[in-house]
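# Summary of structural features
The lines below spell out each chain.
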Amino acid sequence: MLSETTRAKILELIQKYPHKRTALIPVLYVVQAELGHISEPAMTAVGELFGLSPAEVKEVVTFYTMFYRAPVGKHVLQVCTNISCMLCRAEEILDYLKTKLGIAVGETTPDGKFTLLEVECMGACEAAPAMQDNYDYHFHMTKEKIDRLLEILR
Ligand code: FES
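Structure report, in brief. (Residues numbered from 1 in each chain as written. Predicted model: local features only at pLDDT ≥ 70, side-chain atom pairs only at ≥ 80, totals over all residues. Heavy atoms only, no water.)

Taken together, Ile-83, Met-86 and Leu-87 make up a surface patch of nonpolar side chains, about 320 Å² in accessible area. With respect to the helices and strands, Met-86 occurs in helix 5 (residues 83-87). (Patch = residues over 30% accessible without salt bridge, like charges linked within 9 Å, V, L, I, M, F, W, Y side chains within 5 Å. Areas by Shrake-Rupley, 256 points an atom, 1.4 Å probe, with all protein chains shown as cover. Salt bridge = Lys/Arg side-chain N within 4 Å of Asp/Glu carboxyl O. Helix = DSSP H or I, 4+ residues; strand = E, 2+ residues; numbered from the N terminus.)

Next comes the structure, spelled out in structure tokens:
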């Protein structure tokens, strides 16, 4: 399930934390970096490394939107539609992306390049409407900015 390199990275990470369990989130990032998402078998494998049940690992994976439980595209576009962004037309931004990409929220384009997600507050309320392309933030989004972003990412 997990490569030797990933297992070594995980063991190294665990050593850095005073309590093994506190390394769970960084370890899940490492697993996701290798597999692209965190499947049920991956949750079991991680649980074995931590002495946790698959359900305990799943509790964490399902709580955070940055962990994907199914394969995603090369670029995961996450649009915040929480209160500050909603007041700054986040729905328009989301609808524009749906139209431009030809997919609904939760779907991936047929070429595997983009996955579109709607997420809760990403801590960038002062720059609403905000979105992310993988781990990169984009602020004060407009249709023009989306056009430029997609052009760069394509
Ligand atoms: S409400 Fe969108 S970033 Fe906070």
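The rest of the description comes next.
Moving on, we get to the pairing of strand 2 (residues 114-119). Taking burial as the measure, the 6 residues of strand 2 include 5 buried ones, the bulk of the element. Pairing analysis gives 6 bridges linking strand 1 (residues 75-80) to strand 2, with the strands arranged parallel. Bridged to Cys-80 within strand 2 is Val-119. (Buried < 20%, exposed > 50% of the residue type's maximum accessible area, 1.4 Å probe, protein only. Pairing = 2+ DSSP bridges.)

All right, on to helix 2 (residues 24-35) then. If you check helix 2, its first and last C-alpha atoms are 16 Å apart, about what 12 residues at 1.5 Å a residue would give, namely 16 Å. Within the sequence span of helix 2, burial applies to Leu-24, Val-27, Leu-28, Val-30, Val-31 and Gln-32. The inward-facing, buried residues of helix 2 abut helix 1 (4-15), helix 3 (40-50) and helix 4 (54-63). (Expected span 1.5 Å × (residues − 1). Contact = heavy atoms within 4.5 Å.)

With the rule as written, the count across this model stands at 5 salt bridges. Among the salt bridges present, the one from Lys-58 reaches Glu-40, with a minimum N-O distance of 2.9 Å. Within this pair, whereas Lys-58 is found in helix 4, its partner Glu-40 is found in helix 3, the two being separated by 18 residues in sequence. Among the residues examined, Glu-40 registers a relative accessible area of 44% and is labelled partly exposed.

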